[in-house]
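# Summary of structural features
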Amino acid sequence: MDKYCLLLCLLLFSSYSHVSAYYPSKNTLVSSVTKNPILPIFTFTLNTNEEYFIHIAGPYLVRSCNDGLPRPIIPCGSSTCALTRRVSPHQCPPTQNAIINGRCACQATAFEPFQRLCNSNQYTYGDFSMSSLNPRSPSLTFNNVKYLCIPKPFLIDFPPGVLGLAGLSPTALATWNQLTPPRLGLEKKFALCLPSDTNKGAIFFGGGPYKLGNTDARSMLTYTQLIKNPRRLNNYFLRLKGIFVNGEKILLAQNAFGFDGKGDGGVTLSTVTPFTTLRSDIYEVFTKAFSKATSDIPRVNSTTPLEFCFKSTEHFQVPQIDMKFADGKIWKVIAANSMKKITDDVACLAFLNGGDAAAQAVVIGMHQMENTLLEFDVGRSAFGFSCSLGLVNASCGDFQTKP
């Protein structure tokens with residue numbers, strides 16, 4: 001474990017650990033987050049008891065509609081319908097509108113990332129509610145929230161109780177953007193903490209405080225810049241400068257993390273990718289450096305899909321992995337996030353080879369994001385990340401999710 005990382009987290013945590021448990025009333029929206037045991041997804045709650053899976057690259061809210069009831073029409077020529085075309089998933093064919101009761105009704109398309117299916121249906125609107133940290137308004141209801149109404153077969157592989165998909169991309173129709181109107185004093189940002197086990201995590205819309213015991217966990221965040229890719233409007237991208245293994249920078253081409261002329265490449269984050277995935281040229285250099293730094297640890301057979309597996313002992317230690325951004329900020333990936341425990345005596349490096357033709361240079365996956373507070377401050381184009389909460393003897397389940 002990196003002593004500097006631990007010391008920094010402890011200083012930040014302890015300096016705020018004695019603040020009063022009282023916070024000014026604010027309409028911060030909040031929900032607990034659950035790690036699903038069937039599919040590699042995380043879900044949170046809307047409308048009291050409806051579970052939606054978190055997709056940070058999804059352009060809009062998608063809801064299962066299998067009751068055959070008529071729903072409000074959004075006109076084909078409206079600005080809202082035009083927005084759906086701008087952010088329609090690039091994996092899918094162009095969307096065609098439909099005539100409903102003699103009117104041209106806007107249709108939109110969703111991409112289901114596990115079956116890799118596209119499905120188009122009516123884009124409509126309705127009321128949605130979400131819990132709030134304000135004790136005077138423990139639940140807030142939002143009218144005219146736009147969503148894509150999809151028949152159940154599209155979500156057939158989703159676990160029981162998961163009603164839809166909450167797209168959290170940096171776009172106007174994203175779930176977080178529709179549920180953070182400035183009139184309620186909410187900021188254009190959201191934060192999430194994905195649990196690493198069966199404990200609960202947390203998701204916040206509209207800004208802090210993020211109450212971790214008596215601490216406002218905003219004090220633990222380090223910020224770097226969010227950047228845009230005009231060819232991939234639904235993704236959040238980071239300006240990564242280098243990857244370090246055991247304090248040594250791995251040697252890559254100068255533009256290894258950049259975009260090419262088609263908009264491919266870059267470094268993004270994903271809540272549908274279980275493990276961080278590296279394009280082949282990066283993966284090969286990275287794993288060579290990691291293998292060299294762990295040459296004294298016995299190797300064991302690989303476990304699909306993970307290639308580098310080791311014999312894990314009581315005092316098992318692996319080198320720290322650092323991701324350094326262009327502004328000098330460093331995301332330190334400790335063993336809990338770099339390794340995946342397979343059995344009591346086997347652990348594997350939790351990084352995958354994305355192949356030569358990978359769409360992105362690096363996709364930071366869910367395992368690397370677990371038990372870490374992440375804030376997507378879209379209004380300021382900033383991305384905040386904490387150290388692993390385990391370093392301060394805390395977890396995502398310790399966040400306050402009730403007034």
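The notes below deal with the structure included here. For every chain, the first residue of its written sequence is number 1, and the numbers climb from 1 along that sequence. It should be noted that, the model being predicted, local features are given only for residues of pLDDT at least 70 and side-chain atom pairs only at 80 or more, the latter also being counted only at that level, while totals for whole chains, interfaces and linings use all residues. Where side-chain values are given, they derive from all heavy atoms of the structure, hydrogens and water being excluded.

### Points about the sheet that holds strand 23 (residues 321-325)
Selection criterion: Pairing between strands is defined by DSSP: at least two bridges between them are needed. Secondary structure elements are defined from DSSP: runs of H or I of at least 4 residues count as helices, runs of E of at least 2 residues count as strands, and each element is numbered from the N terminus.
If you walk across this open sheet you meet the 4 strands as 18-17-23-24, and the pairing is antiparallel. On the outer flanks of this sheet lie strand 18 (248-249) and strand 24 (330-333), each paired with one strand and no other.

### Considering the state of the cysteines
Structurally, a disulfide amounts to a covalent bond that connects the sulfur atoms of two cysteines. How we decide: Any pair of cysteine sulfurs within 2.5 Å is marked as a disulfide. Each residue is placed in one exposure class: buried if its accessible area under a 1.4 Å probe, protein chains only, is under 20% of its type's maximum, exposed if it is over 50%, and partly exposed if it falls in between.
In total, this model carries 6 disulfides according to the counting rule given. Between C76 and C104 runs a disulfide, and the two sulfur atoms are separated by 1.9 Å. Residues C76 and C104 are joined through a disulfide that is left-handed, its torsion about the S-S bond being -95 degrees. Of this pair, C76 sits in the loop between strand 4 (61-64) and helix 2 (79-86) while C104 sits in strand 6 (residues 103-105), and the two are 28 residues apart along the sequence. Residue C104 is classed as partly exposed on the basis of its relative accessible area, which comes to 35%. C193 shares a disulfide with C396; S-S distance 2.0 Å. Between C193 and C396 the disulfide shows an S-S torsion of about -70 degrees. By sign, it is left-handed.

### Here's the deal with the pattern of salt bridges
Convention followed: In the sections that follow, a salt bridge refers to a side-chain nitrogen of Lys or Arg positioned within 4 Å of a carboxyl oxygen of Asp or Glu.
Within this structure, the stated rule accounts for 11 salt bridges. Put simply, E50 and R63 hold a salt bridge, and the shortest N to O gap is 2.8 Å. Remark: R63 occurs in strand 4 and E50 occurs in strand 3 (residues 50-55); sequence separation between them is 13 residues. A salt bridge links D377 to R380; its shortest N-O distance comes to 2.7 Å. Overall, the relative accessible area of 3% leaves D377 in the buried class. Within this structure, E187, K189, E375, D377 and R380 form a network of salt bridges that share partners.

In short, the description is geometric, and any link to function would need to be established separately.
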